[in-house]
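Working through the structure, step by step
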Amino acid sequence: MDQEFIHKIENIHGQSDVVFRIDHNTYFKHVDGCTIIRYVFSADQTVEHKLGTIEDLCEGNIPFDSSDDDWTDKYLPLLMSIESAITRVHKLNPDLKDKAVIAVLERLVVKPDINLQSQLAEAIQDHIKLCLATNSYSKRELAGCLKKVLRSVKRHHRVDGPKGYLDFIKDKI
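Residues numbered from 1 in each chain as written. Predicted model: local features only at pLDDT ≥ 70, side-chain atom pairs only at ≥ 80, totals over all residues. Heavy atoms only, no water.

1. Examining the confidence of the model for the protein
Scored by pLDDT, the protein comes out at a mean of 92, with 96% of its residues at no less than 70. The lowest-confidence element of the protein is helix 1 (residues 3–13), averaging 92 in pLDDT; the highest-confidence one is helix 4 (residues 98–110), averaging 98. (pLDDT = per-residue confidence, 0-100. Helix = DSSP H or I, 4+ residues; strand = E, 2+ residues; numbered from the N terminus.)

Printed below as a string of structure tokens:
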């Protein structure tokens, strides 16, 4: 978790739950290989913060503990962040296909901070960084969540065709 970021948010938002709505009140920009997050609480209250790398934001060495059928577990924030990033890119690029998602996820499972020069990879990484900045997950838990989404993409792709997964999640997120 990124305590400095959390402290900045609490200073303007208080202790109540914060909803980060990407492209509505929360924005990402990239400067010199770094991800900067901008959260707009009101017209005169904004937080801008440089997020650390995924490696730096992961905490501990807790193993991933979840079944393939369990999507209502403690990993839901991380799973939703990955899938919402995929959905966001798919809305911007309707020609995106499951195979591209599979290729990116396979690379991110191995090295989450990899620089792929891909809009999809960058979006997934941005969403993961935001989630890791505000929630505590280990690198093993992150890899498990990426693998879980990857299995879902492969399963829907195999059963429902080239955009089976993307069609499945477009109305869910």
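2. What about the pattern of salt bridges?
All chains considered together, the criterion is met by eight salt bridges. A salt bridge links Lys139 to Glu55, with the shortest nitrogen-to-oxygen separation between them at 2.9 Å. Note that Lys139 is positioned in helix 6 (residues 139–160) and Glu55 in helix 2 (residues 54–57), a separation of 84 residues in sequence. Among the residues examined, Lys139 registers a relative accessible area of 38% and is labelled partly exposed. Connected through salt bridges with shared partners, the residues Lys29, Arg38 and Glu48 form a single ionic network. (Salt bridge = Lys/Arg side-chain N within 4 Å of Asp/Glu carboxyl O. Buried < 20%, exposed > 50% of the residue type's maximum accessible area, 1.4 Å probe, protein only.)

3. Structural notes on the packing of helix 4 against helix 5 (residues 119–134)
Close contact between helix 4 and helix 5 brings their axes to 10 Å; oriented N to C, the two are set at 50 degrees. By the angle class used here, helix 4 and helix 5 are oblique. The way helix 4 lies across helix 5 gives a crossing that is right-handed. Residues Ala100, Val101, Val104, Leu105 and Leu108 of helix 4 touch helix 5, and the partners they reach there are Leu120, Ala121, Ile124 and Gln125. (Axes fitted to C-alpha atoms, helices over the stretch in contact; angles between N-to-C directions. Parallel < 35°, antiparallel > 145°, perpendicular 65-115°, else oblique. Left-handed = near helix turned anticlockwise from the far one by under 90°. Contact = heavy atoms within 4.5 Å.)

4. Section: the side chain of His49
Topologically, His49 is positioned in strand 3 (residues 45–51). What His49 contacts, discounting residues up to four positions off in sequence, is Asp2, Glu4, Phe5, Lys8, Thr35, Ile36 and Ile37.

5. As for helix 4
Its 13 residues place the ends of helix 4 19 Å apart at the C-alpha level, agreeing with the 18 Å of an ideal helix rising 1.5 Å per residue. Inspection of helix 4 places Asp98, Val101, Ile102, Val104, Leu105, Leu108 and Val109 among the buried residues, and these make up the whole buried set. Taken together, the buried residues of helix 4 touch helix 3 (76–92), helix 5, helix 6 and helix 7 (164–169). (Expected span 1.5 Å × (residues − 1).)

6. Some details on the side chain of His90
With respect to the helices, strands and loops of the structure, His90 is situated in helix 3. In this structure His90 comes out as buried when scored by relative accessible area, which is 10%. Leaving out residues up to four positions away in the same chain, His90 has contacts with Leu96, Lys163 and Leu166.

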